[in-house]
Amino acid sequence: MYHMIRILKKIGIALIILIALFIITVILFVSFSPQFGGAISKEQKTVYGKSNNYVQGKFVNQQDVKLDLSFGDMRKGLVGFLNPIPNAVPKNDITVERIDSLDIVNYKDATRLIWFGHSTFLLQMENLTILIDPMFGKVPAPHPMLGVKRFSKELPIEIEKLPKIDAVLISHDHYDHLDYGSIKKLRSKVNKFYVPLGVGVHLSEWGIASNRIIELDWWEDVKLKGVTFTCTPAQHFSGRGLNDRSNTLWSSWVIQSASESLFFSGDSGYGPHFREIGKKYGPFDFAMMECGQYNKLWPGIHMFPEETAQAAVDVNAEIVMPIHWGAFKLGMHSWTDPVERFSTKAKELNLNLMIPKIGQEIQISTDSNHDATWWKMIQ
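Criteria and thresholds
- Residues numbered from 1 in each chain as written.
- Predicted model: local features only at pLDDT ≥ 70, side-chain atom pairs only at ≥ 80, totals over all residues.
- Heavy atoms only, no water.
- Pairing = 2+ DSSP bridges.
- Helix = DSSP H or I, 4+ residues; strand = E, 2+ residues; numbered from the N terminus.
- Axes fitted to C-alpha atoms, helices over the stretch in contact; angles between N-to-C directions.
- Buried < 20%, exposed > 50% of the residue type's maximum accessible area, 1.4 Å probe, protein only.
- Contact = heavy atoms within 4.5 Å.
- Phe/Tyr/Trp six-rings, centres within 6.5 Å; stacked < 30°, edge-to-face > 60°.
- Lys NZ or Arg CZ within 6 Å of the ring centre and 35° of its normal.
- Arc of directions from axis to C-beta.

Caption draft 1: Structural view of the sheet that holds strand 6 (residues 165-169). Pairing is mixed in the open sheet, where seven strands are placed in the order 8-7-6-5-4-3-15. Strands at the two margins of the open sheet, each flanked by one partner only, are strand 8 (213-216) and strand 15 (361-363). Looking at each pair of strands side by side, their axes are set apart by 20 degrees on average, direction ignored. Looking at chain direction, strand 4 (residues 121-125) and strand 5 (residues 128-132) are connected through five bridges and run antiparallel. Within the sheet, the bridge partner assigned to Leu123 lies in strand 5 and is Ile130.

In structure tokens:
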């Protein structure tokens, strides 16, 4: 009996040591890994305090949105993530259409976009080359072991082959939108970074000079040559570490030239801000609307596909494209559920859809309809 007690004590001590080592490892990883970005200073907090969206040291949504899950919700979420979801990822690699750097450099025609999957776009407008939420990494997480790989092995163009970029727009600091590895490779190529309040702290930590970072609050705008970028509301949250939730602002973006107007929703739950944006800046020739990674456990921060279609109506979009799908598994639904449900509802609402393949050129000035069900061909 005494011998058994000694064995149990040794096992208990070993478990305590392992738990302690795990905690220390996590703390060290979060503290010293560059992927987590920078921290907001006291001086910056004082500046952000002038914003109507900054309350008691945190950025807030226009509406009261539930962000904290109850214990029961967390249990449901854990079970959902651990249980296999039918068709959660494509059985085969998604093939993409390719574009080369010379094509980008020499392009001088009408406004066009190239979708990289999820929420990443290359936009060419008014002889400017712009990247939106440039996430070129394989896994949207601070470490490859903490996420599922991208659905496509290739991208339309490797980040190293991209030419000079006039501007980068970032909607918020989550890993599937702001990627350390991508920014590190882009920093010598980009002229200006336009970000919501606070997001610049990460870019500064990663070696971007402050004079190349323009932070904007909701409803503020800035002009670059013939294009105006307006930072507009979204209903979401932010954070890259264990204790920095909502330290930086999140946003959507309005992109306007003298003749065209585009809307990029960023990540957002459905709310009255879409109608407000539509009234102020619509109609939009083309709207890129979040559609994917939703769940009943977090309805306030990601739209269901039917809400995405309604939001497109609210912003008064001439052509609408569902985004935030087709690249990563971050929710508990099949990988095609967003686009299938969105397409059904959008057609009920008589929306003009555009659903291109990854890498396919998007010309918003033409009547070309990309509403091909290409995803059904991938088994």
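Structure shown, so let's carry the discussion forward.
Caption draft 2: Quick peek at the sheet that holds strand 10 (residues 227-232). In space, the six strands of this open sheet follow the order 9-10-11-12-13-14, with mixed pairing throughout. Since the sheet does not close on itself, it has two edges, and those belong to strand 9 (221-224) and strand 14 (320-323), each with one partner. Sheet twist, expressed as the average angle between the axes of neighbouring strands with direction ignored, equals 15 degrees. Across three bridges, strand 12 (residues 261-264) lies against strand 13 (residues 286-290) in parallel orientation. Bridge pairing links Phe264 to Met288 in strand 13.

Caption draft 3: Quick look at the pairing of strand 5. Of all five residues in strand 5, five are buried, a share of seventy percent or more. Because side chains alternate across strand 5, one face comprises the buried residues Leu128, Ile130 and Ile132, and the other comprises Thr129 and Leu131, equally buried. In this structure, the hairpin formed by strand 4 and strand 5 is closed by a connection of two residues, where Glu126 is found at a positive phi of approximately 55 degrees. Relative to strand 6, strand 5 is paired through three bridges, and the arrangement is parallel. Within the sheet, the bridge partner assigned to Leu131 lies in strand 6 and is Val168.

Caption draft 4: Representation of helix 8 (residues 305-315). Taken residue by residue, helix 8 has Pro305, Thr308, Ala309, Ala311, Ala312, Asp314 and Val315 as its buried positions. Each element contacted by the buried residues of helix 8 is listed here: strand 12, helix 7 (273-281), strand 13, strand 14 and helix 9 (337-348). Positive backbone phi, approximately 65 degrees, marks Asn316, located one or two places after helix 8.

Caption draft 5: Focus on the environment of Phe284. Within the secondary structure, Phe284 is located in the loop between helix 7 and strand 13. Each C-alpha atom of the pair Phe284 and Ile319 lies 7.8 Å from the other, and the pair is 35 residues apart in sequence. With residues near it in sequence (within four places) discarded, Phe284 still touches Val254, Ser261, Leu262, Phe263, Ile277, Gly278, Val315, Asn316, Ala317, Glu318 and Ile319.

Caption draft 6: Representation of the packing of aromatic side chains in the model. Per the counting criterion, the structure on display carries 19 aromatic pairs. Consider the rings of Trp325 and Trp375, whose centres lie 6.0 Å apart with planes at 90 degrees: the pair is edge-to-face. Of the two residues, Trp325 sits in the loop between strand 14 and helix 9 while Trp375 sits in the segment after strand 15, which places them 50 residues apart along the sequence. Among the residues examined, Trp325 registers a relative accessible area of 1% and is labelled buried. Between the aromatic rings of Trp374 and Trp375, the centroid separation amounts to 6.0 Å while the plane-to-plane angle is 80 degrees, which identifies the pairing as edge-to-face. Following the ring pairs from residue to residue traces out a cluster consisting of Trp115, Phe151, Trp325, Trp335, Trp374 and Trp375. Lying over the aromatic face of Tyr175, Arg240 brings its terminal NZ or CZ to 4.0 Å of the ring centre. One cation-aromatic arrangement involves Lys280 over Trp219; the distance from NZ or CZ to the ring centre is 3.8 Å.

Caption draft 7: Fine view of the pairing of strand 10. The buried fraction of strand 10 amounts to six of the six residues, a majority that puts the element mostly inside the structure. Because side chains alternate across strand 10, one face comprises the buried residues Val227, Phe229 and Cys231, and the other comprises Thr228, Thr230 and Thr232, equally buried. Where strand 9 lies against strand 10, four bridges are found, and the strand directions are antiparallel. Residue pairing in the sheet places Lys223 in a bridge with Thr228 of strand 10. Counting the residues in the hairpin turn of strand 9 and strand 10 gives two residues, including Lys225, whose phi is positive at 55 degrees. Where strand 10 meets strand 11 (residues 252-256), five bridges bridge the pair, whose relative direction is antiparallel. By the bridge assignment, Thr228 is partnered in strand 11 with Gln256.

Caption draft 8: Summary view of the side chain of Ser119. Looking at the element boundaries, Ser119 is found in the loop between strand 3 (112-115) and strand 4. Every residue in contact with Ser119, bar those within four places of it in the chain, is listed here: Ile132, Asp133, His177, Phe264, Ile323 and His324.

Caption draft 9: Inspection of helix 7 at higher detail. Along helix 7, the residues that are buried comprise His273, Phe274, Ile277, Gly278 and Tyr281. End-on view of helix 7: buried residues confined to an arc of 140 degrees, all on one side of the axis. In this fold, the buried residues of helix 7 make contact with strand 10, strand 11, strand 12, strand 13 and helix 8.

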